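Each chain, written out:
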Amino acid sequence: MKDVVEKAVKKAIGRNDVLVEFTENENFGDFSTNIALHLGGSPKEEAEKLVDILKKSPELTKIVSKIEVAGPGFINFRLSKEALLENLEEILKVKESFGASDIGKRKTTIVEYSSPNIAKHFAIGHLRSTIIGKALFNMYGFLGYKTIGENHLGDWGTQFGTLLYQINSQHLTVDKLTLDELQDLYVDFHEKAEINPELWDEARTWFKKLEGGDEEARHIWRSLVEKSMVEFERIYNILGVNIENAHGESFYEGIMPSVIEDIRKRKLSKKSLGAEIVEFKDLPPAMLIKSDGTTTYYTRDLAALAYRIKTWDPALIIYEVGSDQILHFRQVFETAKFLGWSEGREFVHIAHGLIRFEHGKMSTRKGQSIKLEEVLDEAIKRARQIIEKSETGRGLAEDEKGKVAKAVGIGAVKYFDLMHHPQTDIVFDWNKVFVLEGNSAPYLQYTVARTNSVLAKAQKSFEFRISNFEFNSEELGVLRSLARFGDVIITAAKNYSPNLLTNYLFDLAQKFNAFYNSNRIIGSDSEALRLRLTSATGQVLKNGLTLLGIETPERM
Ligand code: ARG
């Protein structure tokens, strides 16, 4: 609906740079624009002139009952009761597709996310990428974009040289090694190399062998990949995440030569101390080929980008990767521009912040990384305790209890991540993750379950038509909030900010609970309206949580 208002204002002033915003304070209507402050002349007079024109707009008067000037020249719009009710009926009619749109039609968006590293644990750091990436993937799909999900597995590079060296020099059998032991070997290497830096030469030699196709190196490497994939799949299962494409960095081996050639042809690279680098105006140089002839993370990202452009011709590529790689992606995007790859396309690096536990950054280097699986298990355990405390929860059959505990536990962890702007660092705090009367997944899931239980008790009367068109303030609060959902998804997706959606859902749930706590629903004069409000709220919360990758149990 915001788009209808925006369009009408744009048409009225013949300009495209119009911003219409939601108003927080109900007294100012539903939408507001400050455009009159930017038209030159007296803002108040400009606003009044504009309001006169807008009042004649048929599209606008269809949904807006009041347009007025406020303050120094703001224009406020109030949605009509009819529009609010029509929106309510729309929710009940289209159900799970309410909020969807086709603004992305005929455009392809690639979301690259998760991207853990082979032979290392799926650390909690990759959790953010998986959760935020999945939410963005879902939102873009809901907006009509053709979406491609990519998992850019870290399966290549010098770190494999370190493992190959360790396994070989200690005569270990790779098939018998567990991921924990591999992690230890990795840590052990770094400790030894600190005292004896020449060990790095050994690691580089092994990586060179690997890249050169050495049979023994490739055999060990394949075994490492298989082992890791088993663990990753287990975690994706717990998280309920399925990424359609998984290409390791090694996949781009065959594409790198042509990319390197392309770069050389355009004279973008130069020799430097035996290596080959690409220089930029405002960035430090990137290493295309190391002095020992091996490729780099940067080279492989260029090849991956070439592949993606050729395969999917995307309008947008979202890289859901941590903020420690900001420089890397600037270099990759800048190189793509040099190569003429960015014409008509946008590349975005989300650069999410860190998750901290009390002991600081998650790191595999120092060997004290927190294992994701432990965190997820703990979350499910805590969710179970919560369920046991609720009367409905206690009454559930054992296997349903297990499913609900998983939905609530995993949902809580996901939501806690998503409710923060991706770029902020977050401190993981179990009390906040599970806060039952605050901004959390369990709170929203409870609210959905509450709407289900009201509707179950109401049975047939839900079918009755609305006869009372006077809304009290709690009803109005819910109706207004319900009218915002579609616009919120667009804004959240365009700003790569799932937190805007969580904020919205929390607000809607609060409005609904305020309504629920002070109004009788079943058996009241406004029963039909109130049941519809209840049903629509449950639907919108469900739609929103589903986009965020969070399940909504029927009862809990
Ligand atoms: N595997 C990398 C890491 O864990 C992340 C990959 C990011 N994506 C990319 N296209 N470079 O650090």
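About the criteria used
Residues numbered from 1 in each chain as written. Predicted model: local features only at pLDDT ≥ 70, side-chain atom pairs only at ≥ 80, totals over all residues. Heavy atoms only, no water. Helix = DSSP H or I, 4+ residues; strand = E, 2+ residues; numbered from the N terminus. Buried < 20%, exposed > 50% of the residue type's maximum accessible area, 1.4 Å probe, protein only. Contact = heavy atoms within 4.5 Å. Areas by Shrake-Rupley, 256 points an atom, 1.4 Å probe, with all protein chains shown as cover. pLDDT = per-residue confidence, 0-100. Pairing = 2+ DSSP bridges. Axes fitted to C-alpha atoms, helices over the stretch in contact; angles between N-to-C directions. Phe/Tyr/Trp six-rings, centres within 6.5 Å; stacked < 30°, edge-to-face > 60°. Lys NZ or Arg CZ within 6 Å of the ring centre and 35° of its normal. Polar contact = N/O pair within 3.5 Å; in protein donor to acceptor, adjacent residues only side chain to side chain. Near = heavy atom within 4 Å. Nonpolar A, V, L, I, M, F, W, Y, C, P; charged D, E, K, R; others polar. Salt bridge = Lys/Arg side-chain N within 4 Å of Asp/Glu carboxyl O.

Peer 1: Just checking my understanding: could you explain the overall build of the protein chain for this structure?
Peer 2: Looking only at helices and strands, the protein chain has 21 helices and 14 strands in total. Along the longest, intermediate and shortest principal axes, the C-alpha atoms of the protein chain span 80 × 65 × 35 Å. Taken over 556 residues, the protein chain has a buried fraction of 55%. A fraction of 74% describes how many contacts in the protein chain between residues 6 or more apart in sequence connect residues 24 or more apart. Carbon and sulfur atoms provide 50% of the accessible area of the protein chain, an area that totals close to 25,400 Å².

Peer 1: Mind showing me how you'd approach the confidence of the model for the protein chain here?
Peer 2: With 96% of its residues at a pLDDT of at least 70, the protein chain reaches an overall mean of 93. Overall, residues 360-368 carries pLDDT values under 50, and its contacts beyond four positions in sequence, including any with other chains, amount to 20 contacts.

Peer 1: What exactly am I supposed to notice about the sheet that holds strand 10 (residues 286-289) here?
Peer 2: In a beta sheet, neighbouring strands pair by backbone hydrogen bonds and run either parallel or antiparallel. The strand order 8-9-10 describes an open sheet built from three strands, whose pairing is antiparallel. The strands lining the two open edges of the sheet, one partner per strand, are strand 8 (269-272) and strand 10. When the angles between neighbouring strand axes are averaged without regard to direction, this sheet yields 45°. The sheet contacts of helix 11 (residues 297-312) involve strand 9 (275-278) and strand 10, and relative to strand 10 the element is tilted by about 80°.

Peer 1: Any chance you could explain the packing of aromatic side chains here in plain terms?
Peer 2: Within a pair of aromatic rings, the relevant descriptors are the distance that separates the centres and the angle that separates the planes. One pass over the full model with this rule turns up 27 aromatic pairs. Ring geometry for Phe251 and Tyr252: centres 5.0 Å apart, planes at 90°, overall edge-to-face. The buried category is assigned to Tyr252, whose relative accessible area is 0%. Considering the side-chain rings of Phe280 and Phe338, the 5.9 Å spacing of their centres and the 15° angle between planes classify their relative orientation as stacked. A residue pair is termed long-range when its members are at least 10 positions apart, and Phe280 in the loop between strand 9 and strand 10 and Phe338 in helix 12 (residues 326-338) qualify at 58 residues. An aromatic cluster is defined as three or more aromatic residues linked by ring pairs; in this entry it consists of Phe251, Tyr252, Tyr307 and Trp312. Here Lys81 stacks its cationic end above the ring of Phe471, 5.8 Å away from the centre of that ring. A cation over an aromatic ring shows up here: Arg484 above the ring of Phe22, its NZ or CZ 4.0 Å from the ring centre.

Peer 1: What is the right way to read the side chain of Arg308 from this model?
Peer 2: Tracing the chain through its elements places Arg308 in helix 11. A distance of 3.1 Å separates polar atoms of two side chains, one belonging to Arg308 and the other to Glu112. For Arg308, the side chain forms a polar contact with the side chain of His152, separated by 3.3 Å. Setting aside chain neighbours within four positions, we find Arg308 in contact with Ile110, Glu112, Glu150, His152, Tyr252, Asp313, Pro314, Ile317 and Tyr319.

Peer 1: Can you help me understand the site of the ligand in this one?
Peer 2: Taken together, Glu112, Ser115, Asn117, His126, His152, Tyr297, Asp301, Tyr319, Val321, Gln325 and Phe329 make up the full set of residues adjacent to the ligand. Asp301 is positioned such that a nitrogen or oxygen atom in its side chain is 2.6 Å from a nitrogen atom of the ligand. For the shell around the ligand, a count of residues per class yields four nonpolar, five polar and two charged.

Peer 1: Sorry if this is basic, but what is going on with the sheet that holds strand 12 (residues 346-349) here?
Peer 2: Ordered in space as 7-6-5-11-12, the five strands form an open sheet in which the pairing is parallel. A single partner strand is all that each edge strand has here, and the edge strands are strand 7 (245-248) and strand 12. Across this sheet, the average inter-strand angle for adjacent strands is 20°, counted without regard to direction. Both strand 5 (residues 108-112) and strand 6 (residues 146-153) contribute to a ladder of five bridges, which runs parallel. By the bridge assignment, Thr108 is partnered in strand 6 with Lys146. Helix-sheet contacts for helix 5 (residues 124-142) involve strand 5, strand 6 and strand 11 (316-319), and the interaxial angle to strand 6 is about 160°. On top of the sheet, helix 12 reaches strand 11 and strand 12; it is set at about 170° to strand 12, its chief contact.

Peer 1: Whenever I open this one, the environment of Tyr516 confuses me. Can you help?
Peer 2: Mapped onto the elements of the fold, Tyr516 is located in helix 20 (residues 498-518). In contact with Tyr516, other than residues within four places in its own chain, are Arg450, Val454 and Ile521.

Peer 1: What exactly am I supposed to notice about the pattern of salt bridges here?
Peer 2: Once the charged atoms of two side chains with opposite charge are near each other, the side chains can pair. Inspection of the entire model under this criterion finds 29 salt bridges. We note a salt bridge from Arg300 to Glu249, for which the minimum N-O separation is 2.6 Å. Of the two residues, Arg300 sits in helix 11 while Glu249 sits in the loop between strand 7 and helix 10 (256-265), which places them 51 residues apart along the sequence. Accessibility assignment for this pair places Arg300 and Glu249 in one class, buried. Between Arg266 and Asp262 there is a salt bridge, with its nearest N and O atoms 3.4 Å apart. The exposure class of Arg266 is partly exposed, given its relative accessible area of 44%.

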